[in-house]
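Chain by chain, the residues run as shown.
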Amino acid sequence: MDSNQNQWGSKAWHLLSLLRAQSPLIQCITNFVSMDIVANTLLSAGASPAMLHAVEELPDFTPRAAALYVNVGTLSPSWLPAMTTAAQICNTLHTPWVLDPVAASASAFRFEACRELLRLKPTVVRGNASEIIALSLASAEPNASASKGVDSVHDSMDAVEAAKLLAQTSGAVVAVSGATDIVTDGNRVVGAHNGVAMMQKVTATGCSVTALIAAFVAVDKSHALDAAVSALAVFGVAGELGMKMAKGPASLRMHLIDALYGLDEAALNSHVNITSLC
Ligand SMILES: Nc1ncnc2c1ncn2[C@@H]1O[C@H](COP(=O)(O)OP(=O)(O)O)[C@@H](O)[C@H]1O
Ligand SMILES: Cc1ncsc1CCOP(=O)(O)O
Ligand SMILES: [Mg+2]
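The following paragraphs examine the structure supplied in this document. The structure presented is a predicted model; accordingly, all values stated were derived computationally and were not measured.

The secondary structure content of the chain amounts to 11 helices and nine strands. In summary, the chain has a C-alpha radius of gyration of 17 Å against a globular reference of 19 Å for 278 residues, a match within 12%. Considered along the principal axes of its C-alpha atoms, the chain spans approximately 45 × 40 × 35 Å. Each of the 278 residues in the chain was classed as buried or not, and the buried ones make up 58%. Nonlocal contacts in the chain, meaning residues at least 24 apart in sequence, comprise 72% of its contacts between residues at least 6 apart. Accessible surface for the chain amounts to roughly 11,100 Å². Of this, 55% is attributable to carbon and sulfur atoms. In the chain, which carries 16 positive and 22 negative side-chain charges, the distance between the mean positions of the two groups comes to 1 Å.

Structure (structure tokens):
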């Protein structure tokens, strides 16, 4: 193993250890499908999740969160003001917040909501390749043929230039999940090669890894790219370890969460596979 791998392994372990020690409160405004697995992912990693989305509660609650996670998966008009208000509170308090633009191009309403949220300066945006490609285009209209609902029709490597462009125009660190997870700040591009294909067969694994990115950013606000890469690698390693015990998607879900909870330094160091892509 080369020294870069050792450095990434040490960094990812350091951040996971901080997360376990600090147990940061992560406010999640996320879709109905994902609520259970997102909360269990955050708990097993050491964070403290809370699913709150009533606008009336935000002035009291959002300032207490160490990070905010916003996910538009089951967006409705009544939820959007909660998302934008919570993001604005975070910006005022310099609290990091992370956006998951699920199915960004599914409809004009959702596409415009994602663009409005992007204007509120998320710290990190994590999507699959189709979502990131859709959002990076200059067009004011979504291209419906460029995606299939919540699932990607592109490989993550197809989205490298789109991710760089989106990072440059939004100011966010942009992460694209897939066989290779890609993370860029518009300049550096890093690839995390962990995970197993079966993770795509468990609903809301993408939502879960975005929430995990929020937890990692909560414990290292000033290094969002490193935190995002580490979270993606940790989740991918948990998937690899979980897959050794799993018989299919349902048992992978259970074993991935168990593997994340039990992940130790030796296993993380020996599995982390992160490279610089430019
Ligand atoms: N072909 C693959 N090989 C390994 N890991 C994968 C593969 N596809 C997706 N993953 C992993 O599954 C998780 C969810 O990613 P993805 O399916 O791209 O997100 P989404 O659910 O938002 O479409 C990520 O942790 C990603 O690294
Ligand atoms: C199936 C589905 N429908 C609306 S949100 C959602 C979950 C999407 O989760 P992910 O983006 O992690 O696959
Ligand atoms: Mg998704």
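From this point, the narrative continues.
Moving on to the site of ligand 2. As a structural note, the neighbourhood of ligand 2 is formed by Asn31, Val33, Gly73, Val150, Thr203, Ala204, Thr205, Gly206 and Cys207. Gly206 places a polar main-chain atom, nitrogen or oxygen, 3.0 Å from an oxygen atom of ligand 2. Cys207 places a main-chain nitrogen or oxygen 2.8 Å from an oxygen atom of ligand 2. Within the complex, the protein chains bury 79% of what would otherwise be the 380 Å² of accessible surface of ligand 2. When the residues that make up the shell around ligand 2 are grouped by side-chain class, the tally is four nonpolar, five polar and no charged.

Taken in spatial order, the nine strands make up an open sheet running β2-β1-β3-β4-β5-β6-β7-β8-β9, and their pairing is mixed. Taken across any chain shown, the strands that pair with only one partner, and hence form the sheet edges, are β2 (48-51) and β9 (274-276). Across the sheet, the mean angle separating the axes of adjacent strands is 20° when strand polarity is ignored. By the bridge criterion, four bridges tie strand β1 (residues 25-29) to β2 in an arrangement that is parallel. Looking across to β2, one finds that Ile26 is bridged to Pro49. In the packing of helix α4 (residues 80-93) onto the sheet, the strands contacted are β1, β3 (67-71) and β4 (97-100), and the crossing angle to β3 comes to about 155°.

This part takes up helix α6 (residues 129-136). When you tally the buried positions in α6, you get eight out of eight residues, the bulk of the element. Looking at α6, one finds that the buried residues are Ala129, Ser130, Glu131, Ile132, Ile133, Ala134, Leu135 and Ser136. Residues of α6 that are buried make contact with β4, α5 (108-119), β5 (124-128), α7 (160-170) and β6 (173-177). Its side-chain oxygen 3.3 Å from the backbone nitrogen of Ser130, Asn128 forms the N-cap of α6.

Around ligand 1 lies a shell of 16 residues, among which Arg126, Asn128, Ser177, Asp181 and Gln200 are the nearest. With the chains in place, 87% of the 550 Å² that ligand 1 exposes on its own is no longer accessible. Among the residues making up the shell around ligand 1, the classes are represented as six nonpolar, eight polar and two charged.

Below, the discussion takes up helix α10 (residues 249-262). Compared with the 20 Å implied by 1.5 Å per residue over 14 residues, the 20 Å span of α10 between its first and last C-alpha is a close match. Turning to α10, its buried residues are Ser251, Leu252, His255, Leu256, Ile257, Ala259 and Leu260. Elements that come into contact with the buried residues of α10 comprise α1 (3-22), α2 (35-45) and α9 (224-243).

When glycine is set aside, most residues are seen to have a negative phi, and most peptide bonds are trans. A positive phi angle is found at Ser23, which is not glycine, with a value near 40°. As for its position among the elements, Ser23 is in the loop between α1 and β1. Relative accessible area serves as the criterion here: at 33%, Ser23 is assigned to the partly exposed category. At His94, a position not held by glycine, the phi torsion is positive, near 60°. Mapped onto the fold, His94 is located in the loop between α4 and β4.

Moving on, we come to the pairing of strand β7 (residues 181-184). Residues Asp181 and Val183 of β7 are buried on one face, and the alternating residues Ile182 and Thr184, pointing to the opposite face, are buried as well. Sheet topology note: the β6/β7 ladder contains three bridges and is antiparallel. Paired with Ala175 across the bridge in β7 is Val183. In sequence, β6 turns back onto β7 through a hairpin of three residues. Where β7 and strand β8 (residues 189-192) come together, four bridges link them in antiparallel fashion. Bridge pairing links Thr184 to Val189 in β8.

Thresholds, definitions, all that
- Residues numbered from 1 in each chain as written.
- Chains lettered and ligands numbered in written order.
- Predicted model: local features only at pLDDT ≥ 70, side-chain atom pairs only at ≥ 80, totals over all residues.
- Heavy atoms only, no water.
- Helix = DSSP H or I, 4+ residues; strand = E, 2+ residues; numbered from the N terminus.
- Rg over C-alpha atoms; globule rule 2.2 N^0.38 Å.
- Buried < 20%, exposed > 50% of the residue type's maximum accessible area, 1.4 Å probe, protein only.
- Contact = heavy atoms within 4.5 Å.
- Areas by Shrake-Rupley, 256 points an atom, 1.4 Å probe, with all protein chains shown as cover.
- Lys, Arg positive; Asp, Glu negative; His and termini not counted.
- Charge placed at Lys NZ, Arg CZ, Asp CG, Glu CD.
- Near = heavy atom within 4 Å.
- Polar contact = N/O pair within 3.5 Å; in protein donor to acceptor, adjacent residues only side chain to side chain.
- Nonpolar A, V, L, I, M, F, W, Y, C, P; charged D, E, K, R; others polar.
- Pairing = 2+ DSSP bridges.
- Axes fitted to C-alpha atoms, helices over the stretch in contact; angles between N-to-C directions.
- Expected span 1.5 Å × (residues − 1).

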